[in-house]
Amino acid sequence: MQSPQQDFDPELLRPVECICVPDPRSTMWVRIDRAAGTMRPVELADHHENIAALSLHAGVPQDIALQFETARNLYLYSWFVYRFYPVAEHHSLACLELALRDRLKDDIRAGKVGKSGRKPMLRTLLKYAVAQNLIKNEGFQVWRNRGEINARRKICEMPEKNLTDISWDDSEPEVMAEDQNWDYANMLTDTLPYIRNKHAHGSTNLHNLVLLTIQNICEIINQLYEAPGAFQPAHS
């Protein structure tokens, strides 16, 4: 493999000798160890670790799981081609709509989703799934971590409250009553279709901040389908 310093234009088709060279924009970031007070360049292994952590459970139909794997691989290979980031996000959103149409197919066929005679779009499908309690706030890591986020925010209040120290238990973030008012699931019914439409209608935006979108989609799809071995309450 050629040295990462080899000169090539990352916006064009790669020369064959540079196929496995990281996109220069991928190596601009660092990983900070706050406990040790050190930092190091982000590596391919870090990039792989981030996307490998997002996986669908075995209860998701294979056709859908394979489309999600395509999105994961697109994200992985964005290390080499930076412009794959929006492609990975777009494909993950297409996978989400595929999953919703599959999971809600009986209700769609019965005319329960959206306006009768019209094909429901992504926003309509998401809103229906949330209303049917198929997608819940508790199913999202971001929502569950809200307690920790708020605890960390208390640090900013230390000077104005004349506090000299503050502590919390990182191992088990507590979701407070006010945190439960954050309706994350319903918020996503607007934000995810907005992102999808930006991609579908053409966009020149380019950034690598797409992992949260893929994580949200992963967690939605996992909620839509029953995981093998999931507890089922007994019926009388």
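Above this note sits the structure.
Residues numbered from 1 in each chain as written. Predicted model: local features only at pLDDT ≥ 70, side-chain atom pairs only at ≥ 80, totals over all residues. Heavy atoms only, no water.

Our focus in this paragraph is the packing of helix H2 (residues 62-77) against helix H9 (residues 211-224). Relative orientation of the contacting elements H2 and H9 amounts to 165 degrees, with a least axis distance of 12 Å. When the axes of H2 and H9 are compared, the pair comes out roughly antiparallel. In the crossing of H2 with H9, the sense of the turn from one axis to the other is left-handed. Contact residues: H2 offers Ile 64, Phe 68 and Tyr 75, while H9 offers Leu 211, Ile 214, Ile 217, Cys 218 and Ile 221. Of the residues that constitute the contact of H2 with H9, the class distribution is eight nonpolar, no polar and no charged. (Axes fitted to C-alpha atoms, helices over the stretch in contact; angles between N-to-C directions. Helix = DSSP H or I, 4+ residues; strand = E, 2+ residues; numbered from the N terminus. Parallel < 35°, antiparallel > 145°, perpendicular 65-115°, else oblique. Left-handed = near helix turned anticlockwise from the far one by under 90°. Contact = heavy atoms within 4.5 Å. Nonpolar A, V, L, I, M, F, W, Y, C, P; charged D, E, K, R; others polar.)

Below, the discussion takes up the pairing of strand E2 (residues 38-41). Here four bridges tie strand E1 (residues 30-33) to E2, and the two strands are oriented antiparallel to one another. The residue bridging Val 30 from the neighbouring strand is Pro 41, located in E2. Between E1 and E2, which pair antiparallel in sequence order, lie four residues; one of them, Gly 37, sits at a positive phi of approximately 70 degrees. (Pairing = 2+ DSSP bridges.)

The next point concerns the pattern of salt bridges. Throughout the structure, instances matching the rule amount to 13 salt bridges. Ionic pairing is found between Arg 83 and Glu 11, a salt bridge with its closest N-O pair at 2.7 Å. One end of the pair, Arg 83, is in the loop between H2 and helix H3 (84-103); the other, Glu 11, is in the segment before E1, and 72 residues separate them in sequence. On the basis of relative accessible area, Arg 83 is assigned to the partly exposed category, the value being 40%. One salt bridge connects Asp 102 with Lys 105, and the closest N-O pair in it is separated by 3.7 Å. On the basis of relative accessibility, which here comes to 25%, the residue Asp 102 falls in the partly exposed class. Linked by salt bridges that have partners in common, Glu 11, Asp 23, Arg 25 and Arg 83 make up one network. (Salt bridge = Lys/Arg side-chain N within 4 Å of Asp/Glu carboxyl O. Buried < 20%, exposed > 50% of the residue type's maximum accessible area, 1.4 Å probe, protein only.)

One full turn of an α-helix is made of 3.6 residues, so residues set three or four places apart face in the same direction. The end-to-end C-alpha distance of helix H8 (residues 184-200), which contains 17 residues, comes to 24 Å, matching closely the 24 Å that a straight helix rising 1.5 Å per residue would cover. If you check which residues of H8 are buried, you get Tyr 184, Ala 185, Leu 188, Thr 189, Leu 192, Pro 193, Arg 196 and His 199. For H8, the elements touching its buried residues are H3, helix H5 (122-131), helix H6 (141-144) and H9. Positioned one or two residues after H8, Gly 202 has a phi angle of 95 degrees, which is positive. (Expected span 1.5 Å × (residues − 1).)

If you look at soluble globular proteins, the nonpolar side chains tend to sit buried side by side. With 41 residues, the main nonpolar core has Leu 96, Leu 100, Ile 135, Ile 220, Ile 221 and Leu 224 as its most contacted residues. Mapped onto this core, the elements with two or more residues apiece are H2, H3, H5, H6, H8 and H9. The contacts of Leu 100, once residues within four sequence positions are left out, are Leu 122, Leu 125, Leu 126, Ala 129 and Leu 224. (Core = buried A, V, L, I, M, F, W, Y, C linked by side-chain atoms within 4.5 Å.)

For H3, with 20 residues, the first-to-last C-alpha span of 28 Å sits near the 28 Å given by 1.5 Å per residue. Every buried residue of H3 is listed here: Tyr 85, Pro 86, Ala 88, Glu 89, Ser 92, Leu 93, Cys 95, Leu 96, Glu 97, Ala 99, Leu 100 and Arg 101. Buried residues in H3 make contact with helix H1 (44-52), H2, helix H4 (105-109), H5, H8 and H9.

Positioned with a positive phi, Asn 133 is a non-glycine residue whose angle comes to about 65 degrees. The residue Asn 133 is located in the loop between H5 and H6 in this model. Under the relative-accessibility criterion, Asn 133 is labelled partly exposed at 48%.

For the rest of this paragraph, the subject is the packing of aromatic side chains. Applying the stated criterion across every chain, the model contains four aromatic pairs. Judged by centre distance (5.5 Å) and plane angle (80 degrees), the ring pair of Tyr 75 and Tyr 85 falls under edge-to-face. Taken together, the positions of Tyr 75 in helix H2 and Tyr 85 in helix H3 put the pair 10 residues apart, joining distant regions of the chain. Relative accessible area serves as the criterion here: at 5%, Tyr 75 is assigned to the buried category. Summarising the aromatic geometry, the rings of Tyr 82 and Tyr 85 are spaced 5.0 Å apart at their centres and angled 75 degrees between planes, so their arrangement reads as edge-to-face. A relative accessible area of 7% places Tyr 82 in the buried class. Here Tyr 85 falls in the buried class, since its relative accessible area comes to 4%. Aromatic ring contacts, followed pair by pair, group Tyr 75, Tyr 82 and Tyr 85 into a single cluster. (Phe/Tyr/Trp six-rings, centres within 6.5 Å; stacked < 30°, edge-to-face > 60°.)

The values reported here are purely geometric and, on their own, carry no functional implication.
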